[in-house]
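Fold and contact review
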Amino acid sequence: MTVVAPLLGVLALAAVSAVGAWIGLTTLFCVVIPYAAILVFLVGVIWRVLSWARRPTPFNITTTCGQQYSLPWIQSSTLENPHTRLGVVGRVLLEVLLFRSLFRNVKHEFVSRENAAPRLAYKASPWLWLGALAFHYSFLVVFVRHYRFFSEPTPRVLQIVEMLDGFFQIGSPTIFVSGFVLLAAAAFLLLRRLLLPQVRYISLTTDYFPLFLVIGIALTGVLMRYTAFRTDTAAVKNLCIGLMQFKPPAATEPIGAIFFVHLTLVSCLFAYLPYSKLSHMMGVWLSPTRNLIGASRMRRHINPWNYPVAVHTYEEYEDEWRDKMKAAGIPVDKE
Amino acid sequence: MPDIQLPPPEELAKVSFQPRPQGWMDPQVEFRPGTWSYAGKPKALETVGMPNPREWSPTDADWKLPANWKEVILQGLRERLDKYRSLKVFLDICVRCGACADKCHFFIGSGDPKNMPVLRAELLRSVYRNDFTLAGKLLGQMVGARELTMDVVKEWFYYFYQCTECRRCSVFCPYGIDQAELTMLGRELLNLVGININWVMEPVAKCYMTGNHMGIPPHALKDNLEFFADDIENITGIRVDIPINKKGADVLFVIPSGDVMADPGIYTLMGYMMVLHESGLNYTWSTYASEGGNFGLFTSHEMIKRLNAKIYAEARRLGVKWILGGECGHMWRVLHQYMDTLNGPADFLEVPVSPITGTRFEHARSTKMIHIAEFTADLIYHGKLKLDPSRNNAYKVTFHDSCNPARSMGLFEEPRYILRNVCNHFYEMPENTIREQTFCCGGGAGLGNDENMEMRMRGGLPRGNAVRFVHERYGVNLLTAMCAIDRAVLTTLMEYWVPEVKVSGLHELVGNALVMTGEKERELNLRSEPLNEGGEETSD
Amino acid sequence: MNAEPGGWVEREVRARADTVCRRWLDAALAVYGDEYSRRVKDQPDSFANPVGMILREGLSALFAALVDGAEGERCRAALLPIVRLRAVQDMPPSQALAFVAQLKQVVREVLHDRLGQSGAVEALAAFDARIDQATLWAFDVYAECRERICELRIREMKRNTAMLWKRMIPDAEPMR
């Protein structure tokens, strides 16, 4: 159920958009839904980020993963336990760009004691980290590459990206590695969820849905580019530029059902992103255990809602114990 | 061919294993002895004015909650979602990648899937989804939303008190999601309707009234310190002074009170007294601020503030310049990350400067409190302490990084520097069990009580296993830790998993090695055992 | 044919020690849920996975002791790490100690195509008897571990109030 429902959901979305193409609902699927999705996305991102940013961080709860800044002759760990703002920027960037914390899972030191003498050995299990990196970076490249549909002429930067991405040129059309890497990485993440009992146990419908969505998008994209389902890119570009300029072409030439499916799934992904776990894209920047300065004894962290509380004062304490304290020769304030 | 027929394999000793539930959504908790802690006593709750004081037990069917318990908890969650960005972000962005799953010592030792940090968080997150997100309201269980029922509350109690707030999972989380923060807030919610454990509430109440967890009254504190001074005199021939509540001292010294009462913490305390005496620091003990530890951390943020207030208040009353803190774990989380925010600014104090070395502790320039490991490391670095590490030759030492000084402070090198100067045999445990990846003792966050023993042994397995390795490989026989709870809990843990290894604090070893001016020939270590025999293995 | 050390069963299973130990580990892991046992099996890091290490090493040691026809002392020593672990995990004693008897089934599975040989049944019965003996020893160790836990509770309470004891009874034996 957890797996089948989101799969059926994505298939249904695909079917509906294919039917839409068949009966010619071009305006709905190529104009209305994309616009709506972008609107929902933008509103959602702003709402989501504000919903976090407007909430205070009352305490400095940095997770310190390295030596603190203390005595001058002890080397402190600038990136794992930053005591400056610059260090924090570095720490967050390492987290966002290289998945630093996930990388910690990679190195394993283990000991085999088959024979009496213990022996230390190392073994790496980099799969989750590598899979995640491959997934996110290939997605980024694919995303950036699509900018060519929205710009005329194609910017120079984009041409470089495409050149690098299409490094393994085998005939025509140029094979872009990123699309296949994305597909493979998404499949890996899905299989991991399905096959590792531990991860399967914690997975919810909402973990499978975005994976199926991304796989659907990548699959239709690859089909359009490399197979018999090839799409009229000129028509697509015409549509995209039109959408960008808020002048959608009145009557586009028929583009093909598979493009409808692709576009609808992309729209869904955009609309879904800010309201789901995919909002980690923004949230990772705002995680208080990572983006606060570690040296909390050096500067005072302010809690905006800090309020006075009832305490047991020294005067009350001394009143309760004065006789005993005097008898024991402990100095008191009131004789 | 023999006539005897073998029974087919499947007819051999059959063990029917308990069927495991397929998913985690249906709350079900069985309170088996040894895996949970006794409920808070009404008297303790009344002392600090906490809600719903009553006699109850987790094994009761009826927990005697107020009729509107559900509204109270949900309202409490709503308020906290507005007050803590951490809570909201952590509940929103988890992708359930599973990186944290096998990082929790309780999961490693028990195999209970709800001990995976991600699932412990889902226990709270599922209720959040149900009542605070649109998807949860519309789609319910399909998107992992659950209604807050009494069974869910019981499950919260069971699992939030199976988390030692050690923060190891947050080191591995790609978004820094910190289960300790969720446990703290989860327990805060439970406290709103009077659900808590006695091993937390009793110290809270005692700390509030007498100034320390053990409930040691002022005259008894003085008696105990004098007792230690007698022991030190027996061992060294030097009479150390015991300044108490002394106005005009330069420094207020605050320790975890366990060290005044519990073996082996008392030897660490003797070490403090010797180092402070020998350094000539003009310091004072306080009977009012006689506890740096703060079980408010395991109760509510408000209680942290209420219990912590006495430290700055006493520093102000006594007119000291700065504050020095002893070896304690969660105490230092509060001092490092909460005290200044809650009860500061400490503008009436001065930036800590060691009068002996002249070192200005810039890194504590706002909070004005330093750790005794920082103080002693600085003394040793400047050659102000005469040390004879061979007096610890009976010990082969390994160092346990306590969770809070490790992952909420980053105090890694100071204690190691000290250790290398006070003993000749120091061996590290494997790298994924120390420093920021250190494994918990299994008894932090109020779980170090004896009724919870079985769960503690499970949770302490990864630590015990790493100690066993260095014991077998290097002959390690002493586990040193800078935490009062560690000293109590690890001792028991070692007695179960690695009985050959004893536990000490850092300053016990400093006290052993310290050559005091005018001292007599040392024959005994601080445990009053003949020097260089104390570390011998005892029979199990 | 008898089942003295070096007997038929011993020779056969010793030649297949890896297979036997691997299957025995699988059987011993059946008490746990999939989401745990899979990790215990796959995670090679002994420090991240102490349960896997204890089971793997403990079963190998016990297996070696049994095929060697070792004395009680060695068998108990081999049993201790696993039983000490199982004694604090969430399961009744019958499940905690089931792993010992499961060796019988594993041996039959591994040797199933050779059990028709003459003398096989008697040899197997003798080996079974040794496994039964180990099961009984396992109960001894289990009971000792549980008693140890009770004792630890008391020792810890005394230590945590050590100063009360020292002050009230100054000459009391120091607790070691």
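Cut-offs and rules
Residues numbered from 1 in each chain as written. Chains lettered and ligands numbered in written order. Predicted model: local features only at pLDDT ≥ 70, side-chain atom pairs only at ≥ 80, totals over all residues. Helix = DSSP H or I, 4+ residues; strand = E, 2+ residues; numbered from the N terminus. Rg over C-alpha atoms; globule rule 2.2 N^0.38 Å. Buried ≥ 20, exposed ≤ 12 C-beta atoms within 10 Å, placed from the backbone. Pairing = 2+ DSSP bridges. Axes fitted to C-alpha atoms, helices over the stretch in contact; angles between N-to-C directions. Parallel < 35°, antiparallel > 145°, perpendicular 65-115°, else oblique. Contact = placed C-beta atoms within 7 Å. Nonpolar A, V, L, I, M, F, W, Y, C, P; charged D, E, K, R; others polar. Domains from an automatic or database assignment. pLDDT = per-residue confidence, 0-100. Left-handed = near helix turned anticlockwise from the far one by under 90°. Core = buried A, V, L, I, M, F, W, Y, C linked by C-beta atoms within 7 Å.

**Details of the overall build of chain B**
- Helix and strand counts for chain B stand at 23 helices and seven strands.
- The globule rule puts the C-alpha radius of gyration for 540 residues at 24 Å, and the 25 Å found for chain B is close to it.
- By principal-axis analysis of the C-alpha atoms, chain B measures approximately 80 × 75 × 40 Å.
- Counting over 540 residues, chain B shows a buried share of 67%.

**Things to note about the overall build of chain C**
- In terms of helices and strands, chain C carries nine helices and zero strands.
- Scanning chain C from its N terminus toward the C terminus, one meets helices and strands in the order α-α-α-α-α-α-α-α-α.
- Dimensions of chain C, computed from the C-alpha atoms along their principal axes, are close to 75 × 35 × 25 Å.
- When the 176 residues of chain C are sorted by exposure, 40% land in the buried category.

**Details of the sheet that holds strand 5 (residues 397-400) of chain B**
All names here are of chain B.
- Across the sheet, three strands lie side by side as 5-6-7; this open sheet has parallel pairing. Because the sheet does not close on itself, it has two edges, and the strands there are strand 5 and strand 7 (502-504). Across the sheet, the mean angle separating the axes of adjacent strands is 30° when strand polarity is ignored.
- Bridging between strand 6 (residues 478-481) and strand 7 involves three bridges; their strand directions are parallel. Its bridge partner lying in strand 7, Leu479 is registered against Val503.

**Details of the packing of helix 7 (residues 98-110) of chain C against helix 8 (residues 120-160) of chain C**
Residue and element names in this part refer to chain C.
- Closest axis-to-axis distance for the helix 7/helix 8 pair is 8 Å, and the angle between their directions is 160°. As judged from the angle between their axes, helix 7 and helix 8 are roughly antiparallel. Residues Val100, Ala101, Leu103, Lys104 and Val107 of helix 7 form the contact with helix 8, whose participating residues are Phe127, Asp128, Ile131, Ala134, Thr135 and Ala138.

**A few points about the interface of chain B and chain A**
- Residue-level contacts link 84 residues of chain B with 76 residues of chain A.
- Counting residues per element, the side of chain B that touches chain A draws most heavily on helix 14 (residues 301-318) of chain B, which supplies seven residues.
- Residue classes in the side of chain B that touches chain A are distributed as 39 nonpolar, 19 polar and 26 charged.

**Quick notes on the sheet that holds strand 1 (residues 251-254) of chain B**
Residues and elements named next belong to chain B.
- Strand order in the open sheet formed by four strands is 2-1-3-4, with parallel pairing between adjacent strands. Of all strands in the sheet, those bounded by a partner on one side alone are strand 2 (283-284) and strand 4 (369-371).
- Across three bridges, strand 3 (residues 322-325) lies against strand 4 in parallel orientation. Residue Leu324 lies in a different strand from strand 4, and its bridge partner there is Ile370.
- Seen against the sheet, helix 17 (residues 372-381) touches strand 3 and strand 4 and runs at an angle of roughly 70° to strand 4.

**Quick look at the interface of chain B and chain C**
- Of the residues lining the interface, 42 residues belong to chain B; the matching set on chain C comes to 42 residues.
- Listed by contribution, the elements that provide at least two residues to the side of chain B that touches chain C are helix 4 (105-110), helix 11 (218-236), helix 12 (258-261), helix 20 (453-459), helix 21 (461-474) and helix 22 (484-497) of chain B.
- With five residues, the top contributor of residues to the side of chain B that touches chain C is helix 22 of chain B.
- Here the residues of the side of chain B that touches chain C are counted per class, giving 24 nonpolar, nine polar and nine charged.

**Structural notes on the domain arrangement of chain B**
Residues and elements named next belong to chain B.
- Here chain B is partitioned into domain 1 (42-196) and domain 2 (204-513).
- Once you take the C-alpha centre of each, domain 1 and domain 2 turn out to be 30 Å apart.
- Sorting elements by how many residues they give to the side of domain 1 that touches domain 2 places helix 4 first, with five residues.
- Here the residues of the side of domain 1 that touches domain 2 sort into eight nonpolar, eight polar and five charged.

**A short note on unusual backbone geometry**
- With omega at 10°, the peptide bond leading from Asp263(B) into Pro264(B) counts as cis.
- Along the chain, the position of Pro264(B) falls in the loop between helix 12 and helix 13 (265-279).
- Cis rather than trans, the peptide bond between Gly344(B) and Pro345(B) has omega equal to 0°.
- A positive phi angle, close to 55°, is found at Phe246(A), a residue other than glycine.
- Secondary-structure assignment places Phe246(A) in the loop between helix 10 (233-244) and helix 11 (257-272).

**Description of the confidence of the model for chain B**
- In the predicted model, chain B carries a mean pLDDT of 93, and the fraction of residues at 70 or more is 95%.
- In the model, residues 534-540 of chain B has pLDDT below 50 throughout and makes 13 contacts with residues more than four positions away in sequence or in other chains.

**What about the pairing of strand 1 of chain B?**
All names here are of chain B.
- Every second residue of strand 1 is oriented toward a common face, with Val251 and Phe253 on one face and Leu252 and Val254 on the other, all of them buried.
- Where strand 1 lies against strand 2, two bridges are found, and the strand directions are parallel. By the bridge assignment for strand 2, Val251 is matched with Tyr283.
- Sheet topology places strand 1 next to strand 3; four bridges connect them, and they run parallel. Looking across to strand 3, one finds that Leu252 is bridged to Ile323.

**Focus on the packing of helix 13 of chain B against helix 23 (residues 506-513) of chain B**
All names here are of chain B.
- For the pair helix 13 and helix 23, the least separation of the axes is 7 Å and the interaxial angle reads 55°. If you check the angle between helix 13 and helix 23, you find them oblique. The way helix 13 lies across helix 23 gives a crossing that is left-handed. Here helix 13 contributes Tyr267, Thr268, Met270, Gly271, Tyr272, Met274 and Val275 to the contact with helix 23, which in turn contributes His507, Glu508, Val510 and Gly511.
- Looking at the contact of helix 13 with helix 23 residue by residue, the classes come out as six nonpolar, four polar and one charged.

**What to know about the nonpolar core**
- Within the largest apolar cluster, 295 residues are counted, with the highest numbers of intra-cluster contacts made by Val204(B), Val251(B), Leu252(B) and Ile323(B).
- When residues of this core are assigned to domains, at least three map to each of domain 1 (42-196) and domain 2 (204-513) of chain B.
- Among residues more than four places away in sequence, those in contact with Val251(B) are Leu281(B), Asn282(B), Tyr283(B), Val320(B), Lys321(B), Trp322(B), Ile323(B) and Leu324(B).
- Counting residues in hydrophobic clusters, the runner-up holds five residues, among them Tyr69(A), Leu292(A), Ile293(A) and Ala295(A).

**Overview of the environment of Arg473(B)**
- Here Arg473(B) is to be found in helix 21.
- Through-space distance from the C-alpha of Arg473(B) to that of Ala488(B) is 25 Å; in sequence the pair is 15 residues apart.

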